[in-house]
Every structure is written in C-alpha cells, then in structure tokens.
Amino acid sequence: MKKLVLITGIILLACTVTSAVFASPTYAENQSPNTQSSQNPTDSNQQIYIIKECNGKIAVYKKGDFAPFMTTDTMTANLPKSDVLNLKNGIEVTGDAQLQKALEDFCS
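These figures come from a predicted structure and were not determined experimentally.

### Looking at the nonpolar core
In step 1: Core analysis: the largest hydrophobic core is formed by 15 residues, its most contacted members being I51, I58, V60 and L99.
In step 2: Of all the secondary-structure elements, those providing two or more residues to this core are β2 (48–54), β3 (57–62), α2 (81–89) and α3 (96–107).
In step 3: For this core, the leading source of residues is α3, giving five residues.
In step 4: The residues touching I58, leaving out its near neighbours within four places in the chain, are I51, K52, T71, T72, T74, T76, L79, L87, L103 and F106.

### Topic: the confidence of the model for the protein
In step 1: Overall, the prediction assigns the protein a mean pLDDT of 75, with 63% of residues at 70 or greater.
In step 2: Low confidence marks residues 27–43, where pLDDT is under 50. Its contacts with residues over four positions away, or in another chain, come to 24 contacts.

### A closer look at the pattern of salt bridges
In step 1: By the definition in use, this model includes three salt bridges.
In step 2: In this structure, K88 engages E53 in a salt bridge whose closest nitrogen and oxygen atoms are separated by 3.9 Å. Residue K88 is found in helix α2, and its partner E53 is found in strand β2; the two are separated by 35 residues along the sequence.
In step 3: Between E92 and K63 there is a salt bridge, with its nearest N and O atoms 3.3 Å apart. In this pair, E92 sits in strand β5 (residues 91–94) while K63 sits in the loop between β3 and β4 (70–75), placing the two residues 29 residues apart along the sequence.

Rules behind the numbers
The residue numbers shown here count from 1 along each chain, following its written sequence. Under the rules for a predicted model, residues below a pLDDT of 70 receive no local features and side-chain atom pairs below 80 are neither given nor counted, while totals for whole chains, interfaces and linings still include all residues. Note that the side-chain values use all heavy atoms of the structure and ignore hydrogens as well as water. Buried residues of nine kinds, namely Ala, Val, Leu, Ile, Met, Phe, Trp, Tyr and Cys, make up a nonpolar core once their side-chain atoms join them within 4.5 Å. To sort residues, take the accessible area from a 1.4 Å probe on protein chains only and compare it with the maximum for the residue type: under 20% means buried, over 50% means exposed, and anything in between is partly exposed. Strands are runs of DSSP state E lasting at least two residues, helices are runs of H or I lasting at least four, and both sets are numbered from the N terminus onward. The contact criterion used is simple: two residues touch if any of their non-hydrogen atoms lie within 4.5 Å. pLDDT measures the predictor's confidence residue by residue and takes values from 0 up to 100. Salt-bridge detection follows one rule: a side-chain nitrogen of Lys or Arg within 4 Å of a carboxyl oxygen of Asp or Glu.

Here you go:
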C-alpha cells in the first residue's frame, strides 16, 4: 500500500513538473509598431485580454492590440473541438487573475 501511494505521488509530481515546463507562457519580444500600447481599462481599472489561437498555439492579446502579448507552448490541435472554435473566435477575460485561471484550464 505504501508503495502505491509513493508511486502515485511521484507520478503526480512528474505530471505537475511536465505541465509547468510545457505550458509556461512565452512573452512576445517583438511587437509590431502598429501595436497599441495603451490599456483598455474596465470600471475596476483591470486589463482586458483576448485569448486566441495563433500559429497553432494559444496566444493572449491585450484588447485592441494586433500582436500577441504572450504565447504559450500549448498546441490547439490537442484541445477539444469546442475549445478550438472558441479560441478562433477569441475568449475575452478581465484581469490578470482571470487570465491566469483561463490559461491554467487550457494548458493543464
């Protein structure tokens, strides 16, 4: 029984580490000069983000920008069809906490 618990713990730890390595966001280094750098605050003064598919991966845009603010290593081909369709249309989230939760849902 102890071996089973130990093996399960090791597997969970390996999955967590693997997920963190492969799903870590990569910030876009080269933004287009046409990219708007102004924020689009809501009433609570939080940034609005759009999560979309870009070159087969999940990318995050600041609302109104044309270049990704951040991209992940998560391939959209590995997601359910309904998620891929939602990403093609764009998923709007408000604030950093909601963005982080949405990315964790897609990238885990």
